[in-house]
Amino acid sequence: MGQFQRVAKILNLLFLCFLDLTHADPPYQLCPDINNRTSSVAFQNNLNNLLQSLPTNASVFKTFSSAIGNNTDDKVYSQFMCLNYIPSEKCSTCIRTASEDINSLCTNKSEAIIWEEDCQLRYSNRSFLGQLDVSGNDPLYNKKNISSPDQFKSLVNQTVYGLINQAAFNRSLNMYATGEAAFTSTDNLYALVQCTTDLSSDDCRTCLRVALANLSSCCYFSRGARLLSRSCYLRYELYAFYKGATSEENQGTVGGKKNKTWIVIILTATSAILMILVLILFIYCRFVGKRNAKRRSEIVNQECPLKLQNIVDPANNFLQSRSHHGRDRLYAKDSGFMDLASIHLATDNFSESNFVGQGGFGPVYKGKLSDGNEVAVKRLASSSEQGTEEFTTEVQLIMKLQHKNLVRLLGFCFDGEEKLLVYEFMPNSSLDVILFDRKKRAQLEWRKRTNIINGIAKGLLYLHEDSRLRIIHRDLKASNILLDSEMNPKISDFGTARIFGSEEDANTCRITGTIGYMAPEYAMEGLYSTKSDVFSFGVLLLEIITGKKNTGFNKSNNAPNLSAYAWYLWNKGNEMELKDPLLAGSCCDEEFSRYMHIGLLCLQEDASDRPTMSSVILMLKTESVTLAQPQRPAFSMGRFTTQIEPNFNDCSTNDLTLSNISAR
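Parameters at a glance
Residues numbered from 1 in each chain as written. Predicted model: local features only at pLDDT ≥ 70, side-chain atom pairs only at ≥ 80, totals over all residues. Heavy atoms only, no water. Helix = DSSP H or I, 4+ residues; strand = E, 2+ residues; numbered from the N terminus. Buried < 20%, exposed > 50% of the residue type's maximum accessible area, 1.4 Å probe, protein only. Contact = heavy atoms within 4.5 Å. Areas by Shrake-Rupley, 256 points an atom, 1.4 Å probe, with all protein chains shown as cover. Disulfide = S-S within 2.5 Å. Pairing = 2+ DSSP bridges. Axes fitted to C-alpha atoms, helices over the stretch in contact; angles between N-to-C directions. Parallel < 35°, antiparallel > 145°, perpendicular 65-115°, else oblique. Left-handed = near helix turned anticlockwise from the far one by under 90°. Polar contact = N/O pair within 3.5 Å; in protein donor to acceptor, adjacent residues only side chain to side chain. Salt bridge = Lys/Arg side-chain N within 4 Å of Asp/Glu carboxyl O. Phe/Tyr/Trp six-rings, centres within 6.5 Å; stacked < 30°, edge-to-face > 60°. Lys NZ or Arg CZ within 6 Å of the ring centre and 35° of its normal. Expected span 1.5 Å × (residues − 1). Core = buried A, V, L, I, M, F, W, Y, C linked by side-chain atoms within 4.5 Å. Nonpolar A, V, L, I, M, F, W, Y, C, P; charged D, E, K, R; others polar.

Novice: Explain the overall build of the protein chain to me, and be specific about the residues and the numbers.
Specialist: Per the secondary structure count, the protein chain includes 18 helices and 24 strands. Out of the 664 residues in the protein chain, the part that is buried amounts to 55%. The contacts of the protein chain with a sequence gap of at least 6 include a subset with a gap of at least 24, amounting to 70%. Summed over its atoms, the accessible surface of the protein chain is roughly 29100 Å², and 50% of this surface lies on carbon and sulfur atoms.

Novice: Go over the state of the cysteines with me, naming the residues and quoting the values.
Specialist: Taken as a whole and judged by the stated rule, the model has 6 disulfides. The partner cysteine of Cys31 in its disulfide is Cys106, sulfur to sulfur 1.8 Å. Of note, the bridge from Cys31 to Cys106 carries an S-S torsion of about -55° and is left-handed in sense. On the criterion of sequence distance, the pair formed by Cys31 in the loop between strand S1 (28-30) and helix H2 (41-58) and Cys106 in the loop between helix H3 (88-105) and strand S4 (111-115) is long-range, its members being 75 residues apart.

Novice: Go over the sheet that holds strand S16 (residues 374-379), please, and point to the residues and values.
Specialist: The strand order across the open sheet built from 5 strands is S14-S15-S16-S18-S17, with neighbouring strands paired in antiparallel fashion. On the outer flanks of this sheet lie strand S14 (355-358) and strand S17 (409-415), each paired with one strand and no other. Across the sheet, the mean angle from the axis of one strand to that of its neighbour is 25°, orientation sign disregarded. Where S17 lies against strand S18 (residues 418-424), 6 bridges are found, and the strand directions are antiparallel. Within S18, the position partnered with Phe412 by the bridge is Leu421.

Novice: For the packing of helix H13 (residues 446-466) against helix H18 (residues 613-621), give the residues involved together with the corresponding values.
Specialist: To characterise two packed helices, one gives the angle between the axes of the helices and the distance between these axes. The interhelical angle for the contact between H13 and H18, taken along N-to-C directions, is 155°, at an axis separation of 9 Å. Taken together, the axis directions place H13 and H18 in an arrangement best described as roughly antiparallel. As H13 packs across H18, the resulting crossing turns out to be left-handed. Contact with H13, carried on its side by Ile453, Asn454, Ala457, Lys458, Leu460, Leu461, His464 and Glu465, involves Met613, Ser614, Ile617, Leu620 and Lys621 of H18 and no other residues of that element.

Novice: With reference to specific residues and values, describe the pairing of strand S7 (residues 176-182).
Specialist: The sheet contact formed by S7 and strand S8 (residues 188-195) spans 7 bridges and is antiparallel. Opposite Tyr176, over in S8, you have Gln194 as the bridge partner. Adjacent in sequence and paired antiparallel, S7 and S8 are bridged by 5 residues.

Novice: I'd like to hear about the side chain of Asp533, residue by residue, with values.
Specialist: Along the chain, Asp533 turns up in helix H15 (residues 530-546). A distance of 2.9 Å separates the side chain of Asp533 from the side chain of His464, its partner in a polar contact. Within the structure, Asp533 has its side chain in polar contact with the backbone nitrogen of Arg474 (distance 3.0 Å). If we ignore the near neighbours within four places in the chain, the residues touching Asp533 are Leu460, His464, Ile471, Ile472, His473, Arg474 and Leu476.

Novice: Could you give an account of the pattern of salt bridges, naming the residues involved and the relevant values?
Specialist: Evaluated as defined, the whole model comprises 19 salt bridges. For Asp580, the salt bridge is made with Arg449, and the minimal N-O distance between the two is 2.9 Å. Of this pair, Asp580 sits in the loop between helix H16 (562-572) and helix H17 (589-602) while Arg449 sits in helix H13; the two residues are 131 residues apart in sequence, bridging distant segments of the chain. Each member of the pair, Asp580 together with Arg449, is buried. A salt bridge links Asp589 to Lys579; the nearest nitrogen and oxygen atoms lie 3.1 Å apart. One end of the pair, Asp589, is in helix H17; the other, Lys579, is in the loop between H16 and H17, with 10 residues separating them in the sequence.

Novice: Break down the packing of aromatic side chains for me, with residues and values.
Specialist: Any aromatic ring pair is given by two values, namely how distant the centres are and how the planes are angled relative to each other. All told, the structure shown has 15 aromatic pairs when counted by the stated rule. For the pair Tyr522 and Tyr528, a centre-to-centre distance of 6.3 Å together with 70° between the ring planes defines the contact as edge-to-face. Three or more aromatic residues link up through ring pairs in this structure, and these residues are Tyr190, Tyr239, Phe241 and Tyr242. Sitting above the plane of the Phe350 ring, Arg379 keeps its charged end 4.0 Å from the centroid.

Novice: Please set out H17 residue by residue, giving values where relevant.
Specialist: When the terminal C-alpha atoms of H17 are compared, their 20 Å separation across 14 residues agrees well with the 20 Å that a helix rising 1.5 Å per residue should span. Three or more residues of H17 are buried, namely Glu591, Phe592, Ser593, Arg594, Tyr595, Met596, His597, Ile598, Gly599, Leu600, Leu601 and Cys602. Those residues of H17 that are buried are in contact with H13, H15, H16 and H18.

Novice: I'd love a proper account of the nonpolar core, names of residues and values included.
Specialist: In terms of nonpolar packing, the biggest core is built from 64 residues, with Leu431, Ile456, Phe537, Leu540, Ile545 and Met596 touching the most fellow members. Apart from the residues within four sequence positions on either side, Met596 is in contact with Leu542, Ile545, Ala566, Trp570, Glu575 and Leu578. If you look at the next biggest cluster of nonpolar residues, it comprises 33 residues, including Phe61, Phe64, Ile102 and Leu421.

Novice: Outline unusual backbone geometry, supporting the account with residue identities and numerical values.
Specialist: One non-glycine residue, Phe350, adopts positive backbone phi at about 55°. In this structure, Phe350 sits in the loop between helix H9 (340-346) and S14. The class of Phe350 is buried, set by a relative accessible area of 7%. A positive phi angle, close to 65°, is found at Met487, a residue other than glycine. Residue classification places Met487 among the buried residues on the basis of a relative accessible area of 4%.

Novice: Account for the packing of H2 against H3, naming residues and giving values.
Specialist: Viewed as axis vectors pointing N to C, H2 and H3 meet at an angle of 165°, and their least axial separation amounts to 7 Å. The angle between H2 and H3 falls in the class roughly antiparallel. When you trace H2 past H3, the crossing you get is left-handed. Contacts between H2 and H3 involve Gln44, Leu47, Asn48, Leu51, Leu54, Pro55 and Ala58 from the former and Ser88, Cys91, Ser92, Ile95, Arg96, Ser99, Ile102 and Asn103 from the latter. Considered class by class, the residues forming the contact of H2 with H3 number 8 nonpolar, 6 polar and 1 charged.

Novice: Lay out the sheet that holds S4 in plain terms, naming residues and giving numbers.
Specialist: Sheet strands associate in pairs through backbone hydrogen bonding, adopting either a parallel or an antiparallel arrangement. Here we have 5 strands laid out as an open sheet, ordered S1-S4-S5-S3-S2, and antiparallel in their pairing. Only two strands of the sheet have a single neighbouring strand rather than two, namely S1 and strand S2 (63-68). The mean angle between the axes of side-by-side strands here comes to 10°, regardless of whether they run parallel or antiparallel. Strands S2, strand S3 (76-82) and strand S5 (119-124) of the sheet are contacted by H2, whose axis makes an angle of about 25° with S3. Helix-sheet contacts for H3 involve S1, S3, S4 and S5, and the interaxial angle to S5 is about 45°.

Novice: Provide a residue-level description of helix H5 (residues 201-218), including the pertinent values.
Specialist: The end-to-end C-alpha separation of H5 is 26 Å, in line with the 26 Å expected for 18 residues at 1.5 Å each. Along H5, the positions that sit buried rather than exposed are Ser201, Cys204, Cys207, Leu208, Ala211, Leu212, Leu215 and Ser216.

Novice: Which residues make up the environment of Phe414, and what values do they have?
Specialist: Looking at where Phe414 falls in the secondary structure, it is placed in strand S17. The buried category is assigned to Phe414, whose relative accessible area is 12%. Spatially, the C-alpha atom of Phe414 lies 8.5 Å from that of Met338, the residues being 76 residues apart in sequence.

Next up, the structure:
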């Protein structure tokens, strides 16, 4: 960076402090040299490449972790976190600034972290992902004191403790929470907490509690404070800072380790000097803006020979490409990338001893990463064009979703013909493996089955209503429900999922899914909505409580499948005939009947008659809820074959995904 640029950068920071003294004066940096050595040339090259890609990732993700490099000596691990309340465009801008600042302020360091006003960025030559780190916590406090510090401290502790539990144990909130409480008749306390999403719930809680303790010991006398940490962020003020409000009364925040007396000097500067600074900064910004635009254009042309035109859809803030090729759509966000050599090593070159299953996507292998974590690797069959699109869709969707009942995608690899997805390993495999095997099913007593049903329902509710994107899974079935070591369910396989506009929409597309689980309006006409998933959930519920497959079940000529036969028996009052004999002693007849009743409500032929997932969860939780009389279920899927193909063009509400042409 030239001398002129250094001067201009300093002037820019000083001027921003003068314009808005309610904010701290970022950036704040921490550049430890833990290994007592500077970074290598290869490490620095990898770091520069990684930093250039981060602003694009930040336009999609508020918090994200990545790694680049093949060798231990030159590998770079990074993570950024934007405060959740800022828009994605501002997040991208903040990370771009942080990338430039961390390079200039922590030059040739093997580890560094920098905090801007709305984001933080961290890198290291050592893997730190998923590890709590509260060393180097930096408290900043407002210079204006509070009149009743003890009362204020008590209110802060009470308010923030509640937010800590919200952020730590409700992962659907992206480990972020805000809240307010009345302090006086005119002043309200506003507080915010946030953790990096790679932390466990317990580590998030610990990080935030340590942060609160740090602030309570140093800054309880102040009107506001914030705690900068590697793993979390905590701030409180007497104005609604996360709603865009500022306070002219506050005289800025200062750090206990930083001397900010130069701010006073700036305040005494004459208006003439300020005008000169404004003029210099204006000219500088115009010059640098044009130069950076040209540089970015050159980088895109060099790195993207196909000249991809990546766009962000303002409706769902999701990175896309105008190209229909899966490789292109993933190119701009390769930060979850894992190198092929590491995956070969983890799976012992995809040895037969590590093979754990076969799906429509391709084979699945167990692996063990260098850090000791067990993973499941889905390997796309090289001949499957449909699998390529499923692969692309799954990466783009599931890396944005965070819920305890959704399987966690750890990374992916796109190398030549190899297309791999790396998930957390589920030791109890998929639900169908246990449910449809009489010996294995014996371990599923009634409470475990209801826990699985409720977990699936909560996962679907998150997809339909609680996530930032309304997601239709479209292929919910027993083989796509994975079970962890405690038999907790996790929904998997988002290759056929779609982003949905609103509950009233009914979209038409070519059919993809599994016969027996597809709703009639989808199987016969290609119409899908959240109610399509509700239908699939109803089928799955009946399978779980009976231990029988929906397809291949033929008790009567009038009942081509399990769903039809369940309706027939329930209508006659003989539903206990379907009760799994293995449940004797662990399930009462009344509860079994109620669950079957709920399943039949989900299977009604008219989609508008089916309940929403929020209603389903309420019915499952509360016995006092009166259940409606279910209408006759739809049996059309029993006659549906793969030869039937509705005459619809492949489509999507947002062009994010491509469907399969036929059912599987």
